Amino acid sequence: MKHVHALLILFIIFCGPQIYSQDNYPEKIRFAAHWMPQAQFAGYYIGVEKGIYKKYGLEVEVLHANPNETSQDLLLDGKADYASMFLSTAISLRSYGYPIVNVFQLSQKCAQVLISRKTKNIIEPADYNGKRIGVWKSGFTEVNSAFINKFNIDVEIVPISSTINLFLSGGIDVMLTMWYNEYHSIINSGLNEDELNKLFFSDYGLNVLEDGIYCRQATFDKVITQKFIDATVEAWEYAFAHPEESIDIVILKMNEHFVPANRAHQNWMFHRMRDLFTDGNTGHLIGTLQKDDFINAMEILEKQGKVKKSFSYEEFYSGKQQ
């Protein structure tokens, strides 16, 4: 009997940890989205709700930034393990001594677009001279300023805090919008697309990308990060293949957080994320931060005085390279 007990103890010591699967001991991850719940983050919700993260041995909690606490705050304060943020934000943070790294680059095209009524006849950069441009007060100045400087345009910048009303009322000639957000709000407020001119900064050599996934360099774990990225890719691709189900889950998350939900607007946003994240044909995520895009963003931010100390692409980007 003693021999049986001894064998049992040895079995528990050497084999016990293997008895428990990843489902019993999943790796807990906190991911911070850079704004409140909306279709921009549908893939992460799908990953949780459909058990995709769990399949990879992960237990993921999706946190959200708010007006008082950004996703970078959550990441740098150790309240989140990974966070989404714009490339311009991340480069600036890194330059000021916050050692964060890009592990996956979702968006492949700058989604910032200048909108004007066709009656204003604003088409080419030179047409913006003498015009009033409405710009959101925070987070959207760098690329617009780079555009103005690149083409030596003389404009009046009008800070906007929260609504598109100034544009709708004719108080400004042009408004800086996000293609997946405010642009749709404008065409959803009585103006048709064929009544508007739009200028994408990406078409003028100013392709400063937005949504990427970041973590702190000090806590970067290659194995766990790869699991998180692989699961996130699968989740987003599932989402894009099942749009109605995905929008249902987005609306549910918005309701849970008491965020006003408009299905038509979330549907527009969802499909624009597909345009920005995927190759456009297969629906597969690209996920790469191209070196040229990094260098372009760095140069633009340096000219705007947003970079304290430059650094290399290799120091900043840990994802797959092409």
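Now for the confidence of the model for the protein. Chain-level statistics for the protein give a pLDDT mean of 91 and a share of 91% at 70 or above. Scored below 50 in pLDDT, residues 6–23 shows ten contacts in the model against residues more than four places distant or in partner chains.

A separate point is the pairing of strand S3 (residues 82–85). Both faces of S3 are covered, namely the face carrying Tyr82 and Ser84 and the face carrying Ala83 and Met85. With two bridges connecting them, strand S1 (residues 27–33) and S3 associate as parallel partners. Paired with Ala32 across the bridge in S3 is Ala83. Relative to strand S10 (residues 212–216), S3 is paired through three bridges, and the arrangement is antiparallel. Directly across from Ala83, in S10, lies its bridge partner Tyr214.

Where burial is concerned, most of helix H2 (residues 42–49) is hidden: six out of the eight residues are buried. For H2, the full list of buried residues reads Ala42, Gly43, Tyr44, Tyr45, Ile46 and Gly47. Gly51 sits one or two residues past H2 and shows a positive phi near 70 degrees.

Counting 107 residues, the largest nonpolar core has Ile91, Tyr128, Ile213 and Phe228 as the members making the most contacts within it. Ranked by residue count, the leading element in this core is helix H9 (residues 222–241), at nine residues. Leaving out residues up to four positions away in the same chain, Tyr128 has contacts with Leu114, Ile122, Ile133, Phe147, Ile153, Asp154, Val155, Val174 and Leu199.

This part covers the pairing of strand S2 (residues 58–64). Of all seven residues that make up S2, five are buried, and the element is covered over most of its length. Both S1 and S2 contribute to a ladder of seven bridges, which runs parallel. Bridged to Lys28 within S2 is Glu59.

Where helix H10 (residues 243–256) contacts helix H11 (residues 263–277), the axes come no closer than 10 Å and their chain directions differ by 120 degrees. It follows from the interaxial angle that H10 and H11 lie oblique. The two elements H10 and H11 meet at a crossing, and its hand is right-handed. Residue-level contacts link Pro243, Glu244, Ser246, Ile247, Asp248, Val250, Ile251 and Met254 of H10 to Arg263, Gln266, Asn267, Phe270 and His271 of H11.

Strand order in the open sheet formed by five strands is S7-S6-S8-S5-S9, and the pairing between neighbours is mixed. The sheet terminates laterally at strand S7 (156–160) and strand S9 (196–200), the two strands that pair on one side only. Along the sheet, successive strands turn relative to each other by an average axial angle of 30 degrees, direction set aside. As paired strands, strand S6 (residues 132–136) and S7 are joined by five bridges and run parallel to one another. Within S7, the position partnered with Ile133 by the bridge is Ile157. On the sheet, helix H6 (residues 142–150) packs against strand S5 (112–117), S6, S7, strand S8 (174–178) and S9 and is oriented at approximately 65 degrees with respect to S5.

As a further point, take the environment of Ile224. Position of Ile224 relative to the elements: it lies in helix H9. Sequence separation of Ile224 and Arg263 is 39 residues, and the distance between their C-alpha atoms is 35 Å. Sequence-distant contacts of Ile224, defined by excluding residues within four places in its chain, comprise Glu27, Ile29 and Tyr82.

One pass over the full model with this rule turns up twelve salt bridges. The partner of Lys50 in a salt bridge is Glu245, and the shortest N-O contact between them spans 2.8 Å. One end of the pair, Lys50, is in the loop between H2 and helix H3 (52–55); the other, Glu245, is in helix H10, with 195 residues separating them in the sequence. Judged by relative accessible area, which is 39%, Lys50 ranks as partly exposed. When its relative accessible area of 25% is taken as the criterion, Glu245 is described as partly exposed. Taken together, the salt bridges that share partners define one network made up of Glu49, Lys253 and Glu256.

Here the focus is the packing of aromatic side chains. On inspection of all chains with the given rule, the structure shows 21 aromatic pairs. Here Tyr44 and Trp236 contribute two aromatic rings whose centre-to-centre distance is 5.9 Å and whose plane-to-plane angle is 80 degrees, an arrangement assigned as edge-to-face. Residue Tyr44 is located in helix H2, and its partner Trp236 is located in helix H9; the two are separated by 192 residues in the primary sequence. Trp236 sits in the buried class, given a relative accessible area of 0%. Centroid distance Phe147 to Phe201: 5.4 Å. Interplanar angle 50 degrees. Geometry classified as tilted.

Analysis parameters
- Residues numbered from 1 in each chain as written.
- Predicted model: local features only at pLDDT ≥ 70, side-chain atom pairs only at ≥ 80, totals over all residues.
- Heavy atoms only, no water.
- pLDDT = per-residue confidence, 0-100.
- Contact = heavy atoms within 4.5 Å.
- Buried < 20%, exposed > 50% of the residue type's maximum accessible area, 1.4 Å probe, protein only.
- Helix = DSSP H or I, 4+ residues; strand = E, 2+ residues; numbered from the N terminus.
- Pairing = 2+ DSSP bridges.
- Core = buried A, V, L, I, M, F, W, Y, C linked by side-chain atoms within 4.5 Å.
- Axes fitted to C-alpha atoms, helices over the stretch in contact; angles between N-to-C directions.
- Parallel < 35°, antiparallel > 145°, perpendicular 65-115°, else oblique.
- Left-handed = near helix turned anticlockwise from the far one by under 90°.
- Salt bridge = Lys/Arg side-chain N within 4 Å of Asp/Glu carboxyl O.
- Phe/Tyr/Trp six-rings, centres within 6.5 Å; stacked < 30°, edge-to-face > 60°.

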